Amino acid sequence: MTDITHGRNARTADTGPAAPNAYVEAGKEAVYTAVLVFLLGFLMVGYQTQVLQGEQMSYVTRYSDVIWAMLLIPAGRFLLTLTRFDRTLPAVVLGGLGFVYLFGAGVIGVLELPIYGSLLVPVDTLQPHILPFEQPMVNVIFGLGALFVFASAARTRRRKTTGGQSIDIREAAEARQAKVARNLSSVLGPILIIAALVIPLTPWGDRKLVDSLVLVMTYVMLGWGLNIVVGLAGLLDLGYVAFYAVGAYTYAKLSTTLGFNFWESLPLAGAMAATFGLALGFPVLRLRGDYLAIVTLGFGEIIRIILINWQAFTGGPNGIGNIAKIDFFGIPFERNPAEGTTAFHTLFGLEFSTAHRVVFLYYVIIGLALITNFVTIRLRKMPIGRAWEALREDETACRALGINPTNTKLTAFAIGAMFAGFAGSFFATRQGFVSPESFTFIESAVILAIVVLGGMGSQVGVALAAILLIGLPEVLRELSLYRMLVFGGVMVLIMLLRPKGLLSYRVPTIQLHKGKPKTMAPPIVGAVK
């Protein structure tokens, strides 16, 4: 009977499906990809229409670009498929070399260095150029694709290495990474604050730079406000821009209708946004995860549609203009103020400059952002902050511990919305004009991306992500055609290399045992069990 059983098992093993060959499967994927690239690129890339003055529309062919795309993209697919079968060495080597070659040469072309022209000298009839593409930015993009292949293979190798380790070793490695992130946060935080305070006072702090930093700091404040809802309470909010819009329109109406200035309207804008946060919180008390995200997304769109259609109150698509500019606590930044009023430059004996208002706006948003950060840190150490963290980790266990999830969710939505209202009020006084086009879903997506990329719950990480995601497109504004491609590539790389965020670590606000736990005394021999 034993022999029959073993024979049956042996026959089953012989007739079972064999493991697929990695190179055969990778070759199939590459062929399918090449066919797809040809079908998509032959007409869209292979032909380029052009219209010359005084002539009919014509076209030029770019077959070489299609051929190179049919070679490089399937090659990347081939290497990624090998990585799936734990064949990571080819992807690491070829991906790294491809990145250095294509990206490096492309950057040389973008910088318009003379050496780039020599790289385009024809070699022979079969290979028209040393570089695949004549446009340097296209080589940069394919170089980033090679970096993606390299990073995927490196991550697979690291995961394979850590997969065979014990749980204790992996937990110790994660603890070391969290410690490094915590130490970096404690060092980078003061450095960033000091740098932000002194930049306008340096020779490089011109009006253009300061104005860009005002935009960055606005998103830092919005990111810290959303971090309360997403990072601490664990509530996915895709309609956060709605509270931003409520704060902006509140100040706009108070300014144009009742003549309130910025300082009088600021607390009212925050209170109005917090009220809308409570209004959103009540319908979503029973929702979690994706369902919560869908409802918050719908709430943001409802607010935007109301702003467009309620023309008698909001001005509709035309928005609200002539919003009062910020003043220095009652002292206007004007060349010729109203009679009986002293201007800012006259009071301090300065020559009139429009940069005075910009610098003051910069320090105002820094103050508002630091207040947001301080309040968040203090609340995190209070019982409400611990309740947020408990809700984030497990709502069922949170309820079992006697914590009221209703109040916990409502406070998270209200406080996060309040800070968005403050930021919206600042946005309105900075722009002097608000319209629904400034509060679309993409704004919520960018703010959420800042929180996720920085590391949910990490204040310094959110600030770094805002500098990267908002400051990088501003720096690359001259490359308007390609800056969003670079922006997207950076986001992809961060998610590959740091999937938990730039500075992601979770430290409980309360610990039962600090340091090493006490060891238990050895059992007494002969004791009753």
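Because the structure is predicted, anything quoted here is derived from the model rather than measured.

What counts, and where the lines are drawn
- Residues numbered from 1 in each chain as written.
- Predicted model: local features only at pLDDT ≥ 70, side-chain atom pairs only at ≥ 80, totals over all residues.
- Heavy atoms only, no water.
- Helix = DSSP H or I, 4+ residues; strand = E, 2+ residues; numbered from the N terminus.
- Expected span 1.5 Å × (residues − 1).
- Bend = angle between axes of the 7 residues up to and from the residue.
- Buried < 20%, exposed > 50% of the residue type's maximum accessible area, 1.4 Å probe, protein only.
- Salt bridge = Lys/Arg side-chain N within 4 Å of Asp/Glu carboxyl O.
- Core = buried A, V, L, I, M, F, W, Y, C linked by side-chain atoms within 4.5 Å.
- Contact = heavy atoms within 4.5 Å.
- Polar contact = N/O pair within 3.5 Å; in protein donor to acceptor, adjacent residues only side chain to side chain.

Now for helix H8 (residues 207-232). In this model H8 runs 36 Å from its N-terminal to its C-terminal C-alpha over 26 residues, within 8% of the 38 Å that 1.5 Å per residue would give. Of all the bends found along H8, the most pronounced is centred on leucine 226 and spans about 40°. When you tally the buried positions in H8, you get 20 out of 26 residues, the bulk of the element. Downstream of H8 by one or two residues, glycine 234 has phi in the positive range, about 70°.

What follows is about the pattern of salt bridges. Under the defined criterion, the tally for this structure stands at eight salt bridges. Here arginine 430 and aspartate 211 are joined by a salt bridge, their closest N and O atoms 3.4 Å apart. Taken together, the residues span a long stretch of sequence, with arginine 430 in helix H17 (residues 405-431) and aspartate 211 in helix H8 at a distance of 219 residues. Among the ionic pairs, glutamate 395 bridges to arginine 399, the shortest N-O distance being 3.5 Å. Remark: arginine 399 and glutamate 395 occur in helix H16 (residues 395-400); sequence separation between them is four residues, near one turn of the helix. For glutamate 395, a relative accessible area of 10% corresponds to the buried category. What you see here is one network of salt bridges that share partners, running through Glu395, Arg399 and Lys409.

This paragraph deals with the nonpolar core. The biggest cluster of nonpolar side chains holds 86 residues, and the ones touching the most others in it are Val434 and Ile450. Sort the elements by how many residues they give to this core and H8 lands first, with 15 residues. Non-local contacts of valine 434, meaning those with residues more than four positions away in its chain, are made with Ala248, Tyr249, Ala252, Gly319, Ile320, Ile323, Phe427 and Ala428.

Relative to the elements of secondary structure, threonine 376 occurs in helix H14 (residues 355-380). One polar contact links the side chain of threonine 376 to the main-chain carbonyl oxygen of threonine 372, over a distance of 2.7 Å. In contact with threonine 376, not counting residues within four places along its chain, are Trp224, Ile228, Leu232 and Gln459.

Turning to the environment of leucine 285, a few remarks are in order. Position of leucine 285 among the secondary structure elements: in the loop between helix H10 (262-281) and helix H11 (289-309). Between the C-alpha atoms of leucine 285 and threonine 406, which are 121 residues apart in sequence, the distance is 6.3 Å.

With that settled, the discussion passes to helix H18 (residues 441-454). Taking 1.5 Å of rise per residue, 14 residues should cover 20 Å, and H18 covers 20 Å from first to last C-alpha, within 8% of that figure. Along H18, ten of the 14 residues are buried, which leaves the element largely enclosed by surrounding structure. The complete set of buried residues in H18 reads Glu443, Ser444, Val446, Ile447, Leu448, Ala449, Ile450, Val451, Leu453 and Gly454. Of the residues flanking the end of H18, it is glycine 455, one or two places downstream, whose phi is positive at about 115°.

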